[in-house]
Amino acid sequence: MARILIIDDEPGITSFLESGFNAAGHTTMSVHDGREGAALARDDSFDLVVLDLGLPGLDGLSVLRLIRSRGDRLPVIILSARGELDSTLAGFEGGANDYMVKPFRFEELLARVRVRLASTTQQTAPTTLNVGDCELDLLGRTLRVAGVATDLSAREFALAEAFFRHPNQVLSREQLLDRVWGYDFDPGSNVVEVYVGYLRKKMGGNRIETVRGMGYRMTAGR
């Protein structure tokens, strides 16, 4: 899988990103200073950079300019609390491949990372995921159960994708909160249980199992 460099001065964010990317099979390295990040960001060292704008030592736009001034074609996704149009335009004009605003949903960031990696390697990413007789269409954002299509809401789709990408693997409630609702969502909420219930109604109750004390697991069903 990919080698991802995370340049962000917030330890909570870098820890969250590392956990998510590692769970998806990628390797990560995090630095909290712009100068160190610019020195490390090389085509032959990493496959992609996730870059914050508000950095000590050297701000994110300066880091980006240094990367591009070397001629590096390394994909860079800016992840910043700055959502103003001027900041977004400055990021793209500086050579960023994508721009996301904090707070964010990890599954969306991961999807954008996959797009950038696929375009870099010229590989075609799969457009469907299958577990048993269930198929998740990543482009049409629909679910098919035994050939019958069912529409999903945005949250239902994100939750379904998390399960489809980790079949037969137990996903904890905390992992699902991180992946689907974002790192800043209230951990005391029962939103995971509610949306698992929605998916069970659409997929059939025996396909998402409750593993007592651990979380949920998607299987091929019976």
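Above this text sits the structure in question.
None of these values were measured; they are calculated from a predicted model. All residue numbers refer to positions counted from 1 along the written sequence of the respective chain. Totals for whole chains, interfaces and linings use all residues, but because this is a predicted model, local features are given only for residues with pLDDT of at least 70 and pairs of side-chain atoms are given and counted only at 80 or more. Hydrogen atoms and water are omitted, and side-chain values are computed over all heavy atoms in the structure.

Undergrad: Help me understand helix H4 (residues 85–93) in this model?
TA: For H4, the complete set of buried residues consists of Ser87, Thr88 and Gly91. Down the axis of H4, the buried set is contained in an arc of 100°. They therefore lie on one face. With respect to the buried face of H4, the exposed residues turned more than 90 degrees away are Leu85, Asp86 and Glu93. On its buried face, H4 is in contact with helix H3 (60–69), strand S4 (76–80) and strand S5 (98–101). For the purposes of this entry, the term helix denotes a DSSP run of H or I that reaches at least four residues, the term strand denotes a run of E that reaches at least two, and both are numbered from the N terminus. Just downstream of H4 lies glycine 95, where phi reads positive at about 115°. Exposure classes here rest on a 1.4 Å probe applied to the protein chains alone. A residue is buried below 20% of its type maximum, exposed above 50%, and partly exposed in between. Directions pointing from the helix axis toward each C-beta atom define the arc. Here a residue-residue contact requires only that any non-hydrogen atoms of the pair lie within 4.5 Å.

Undergrad: Would you mind showing me how to read the sheet that holds strand S11 (residues 208–211) here?
TA: Either a parallel or an antiparallel arrangement is found when strands of a sheet pair, and the pairing is made through backbone hydrogen bonds. An order of S10-S12-S11 is seen for the three strands of this open sheet, with the pairing classed as antiparallel. The open sheet terminates on both sides in strands that have one partner only, identified here as strand S10 (170–171) and S11. Two strands make a pair as long as DSSP finds a minimum of two bridges between them. Two strands pair when backbone bridges link them, and S10 and strand S12 (residues 215–218) are joined in this way by two bridges, in the antiparallel orientation. Among the inter-strand pairings, valine 170 is bridged to a residue of S12, identified as arginine 217. Note on method: axes are straight lines fitted to C-alpha atoms, helices fitted across the in-contact stretch only, with angles between N-to-C directions ranging 0 to 180 degrees. Contacts between helix H8 (residues 191–203) and the sheet are confined to S11 and S12, with S11 contributing the most and set at about 145° to the helix.

Undergrad: Any chance you could explain the nonpolar core here in plain terms?
TA: Soluble globular proteins: nonpolar side chains tend toward being buried together. Here, nonpolar core means buried Ala, Val, Leu, Ile, Met, Phe, Trp, Tyr and Cys residues that are tied together by side-chain atoms lying within 4.5 Å of each other. Counting residues in each nonpolar core, the largest one holds 29 residues, and the members touching the most others are Leu136, Phe163 and Phe164. Breaking this core down by element, the ones donating at least two residues are strand S6 (128–131), strand S7 (134–137), strand S8 (142–145), helix H6 (154–164), helix H7 (173–181), H8 and S12. Looking at this core, the element that brings in the most residues is H6, giving seven residues. Leucine 136 has contacts with Thr127, Thr128, Leu129, Thr142, Leu143, Leu152, Phe157, Ala160, Glu161 and Phe164, leaving out every residue within four places of it along the chain. Residues Leu5, Val63, Ile67 and Tyr99 belong to the second largest nonpolar core, which totals 20 residues.

Undergrad: Would you explain the environment of lysine 201 in this entry?
TA: Mapped onto the secondary structure, lysine 201 falls in helix H8. The class for lysine 201 is exposed, based on a relative accessible area of 73%. Linking lysine 201 and methionine 29, residues 172 residues apart in sequence, is a C-alpha distance of 40 Å.

Undergrad: Explain the pairing of S6 here, please?
TA: Side-chain alternation along S6 places Leu129 and Val131 on a buried face and Thr128 and Asn130 on a face that remains uncovered. As paired elements, S6 and S7 share four bridges and run antiparallel to each other. Looking at S7, one finds that leucine 129 is bridged to leucine 136. Connecting S6 to the next strand, S7, in antiparallel fashion are two residues, including glycine 132 with a positive phi near 60°.

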